[in-house]
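# Chain and residue survey
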Amino acid sequence: MYGTLDLCSPRSESDSDRLTHEHPGKLRLCDLLDISATLTEAAGAVVDDSFTRCFNSLPPDPWNWNIYLFPLWCFGVITRYLILFPARLLIIAVGWIVFLSCYPVVHSLFKGHHKLRRKLESRLLQLFCGFFVASWTGVIKYHGPRPSKRPGLVFVSNHTSMIDFFILEQMTVFAGIMQKHNGWVGFMQGTILESVGSILFNRSEAKDREIVAKRLKEHVYGTGNNPLLIFPEGTCVNNQYSVMFKKGAFEIGCTVCPIAIKYNKIFSDPFWNSRKHSFSVHLFRLMTSWAVVCDVYFLEPQKPRPGETPIEFAERVRDMICARAGLKKVDWDGFLKHSRPSPKLLEGN
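This report concerns the structure included in the present document. (Residues numbered from 1 in each chain as written. Predicted model: local features only at pLDDT ≥ 70, side-chain atom pairs only at ≥ 80, totals over all residues. Heavy atoms only, no water.)

## A few points about the pattern of salt bridges
In the structure shown here, the tally under the stated rule is 7 salt bridges. Between D333 and K246 there is a salt bridge; the shortest N-O distance is 2.9 Å. Separated by 87 residues along the polypeptide, D333 in the loop between β11 (328-329) and α10 (343-348) and K246 in the loop between β8 (241-242) and β9 (255-264) bring together distant segments of the chain. The partly exposed category is assigned to K246, whose relative accessible area is 33%. A salt bridge links R318 to D331, with the nearest nitrogen and oxygen atoms 3.4 Å apart. With R318 in helix α9 (residues 310-325) and D331 in the loop between β11 and α10, this pair connects stretches of sequence that are 13 residues apart. Residue classification places D331 among the exposed residues on the basis of a relative accessible area of 61%. Because the salt bridges share partners, they merge into one network encompassing E315, R318, D319, K329 and D331. (Salt bridge = Lys/Arg side-chain N within 4 Å of Asp/Glu carboxyl O. Helix = DSSP H or I, 4+ residues; strand = E, 2+ residues; numbered from the N terminus. Buried < 20%, exposed > 50% of the residue type's maximum accessible area, 1.4 Å probe, protein only.)

## Let's talk about the packing of aromatic side chains
Enumeration over the complete set of coordinates arrives at 16 aromatic pairs. Where F128 meets F132, the ring centres are 5.0 Å apart and the plane angle is 85°; that geometry is what we call edge-to-face. Of this pair, F128 and F132 both sit in helix α4 (residues 114-135), 4 residues apart, roughly one helical turn. The two residues F128 and F132 agree in class, both being buried. Measuring from ring centre to ring centre gives 5.4 Å for F250 and F313, while their planes differ by 85°; the resulting arrangement is edge-to-face. Pair noted here: F250 is in the loop between β8 and β9 and F313 is in helix α9, with a separation of 63 residues, a long-range link. (Phe/Tyr/Trp six-rings, centres within 6.5 Å; stacked < 30°, edge-to-face > 60°.)

Here it is, written out as structure tokens:
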């Protein structure tokens, strides 16, 4: 028999002792209310921990705090900040100079030759991205067949940082679907990346999402377009977990080509925590690290199965990427990183 629930009524300590002995299975409503706040806080802490762990960088293990390793650590700091960083800064400066000197010339001189202009602009973009990767001493190993340009393909990848795009772009020119940014990153998006077919949007604008869905389908099935690259998580995750994939790339009926990116964090942490650092600060941290070591896996293309929903298709592709990159799946929407749930949604639950 289950214990009964009694409504709360005033009682003394002697009453409590008597009820405990006489009716051990009897619950009082006031007892539950007394602990409800504690339970709510505990549940909230568990939920918050399971969500925020996807977007936190692991602190490096301290190894230098002893008498014989500390001098080596000091030598490493001097090498990274006073030798490697100036050299890398020179590399990225040369990259900017070469790109900004050549791109406007190509863009203006070859206006009447669209195909040739687009080809030259794509090569310049690849070269520019190569300078960026070199500025971190990027050690990138690509596995599997290289991307194809034929229509009806869309490439999807897990997302750790904006440098994912540079790493993939230096090997093959992709058109991307990107959140709009400010500053020099926004300048690059608006002037350079749009020239290769990239689609920009603002995640807070509902109209932008509708426009993107339409342009996505037009780009994928158009001829002569650069391959389309999408990061369906919609936000940067710390390369240990994978959050839910948005279904946009999986509901247009095309072939999806998964890409798994796995970083070796021994030499640097490539995760960009945009809530704490600007992208310029993120690049500085990479340029003062030892190296960015990364494996890129081009996995077997996937088509939707008969009767498979876009959400099921997305989860199947996510399973492939997680298995190859060694990521843990969590059923969180990455959009929650940027905005709180609607009050109406909370009230409804």
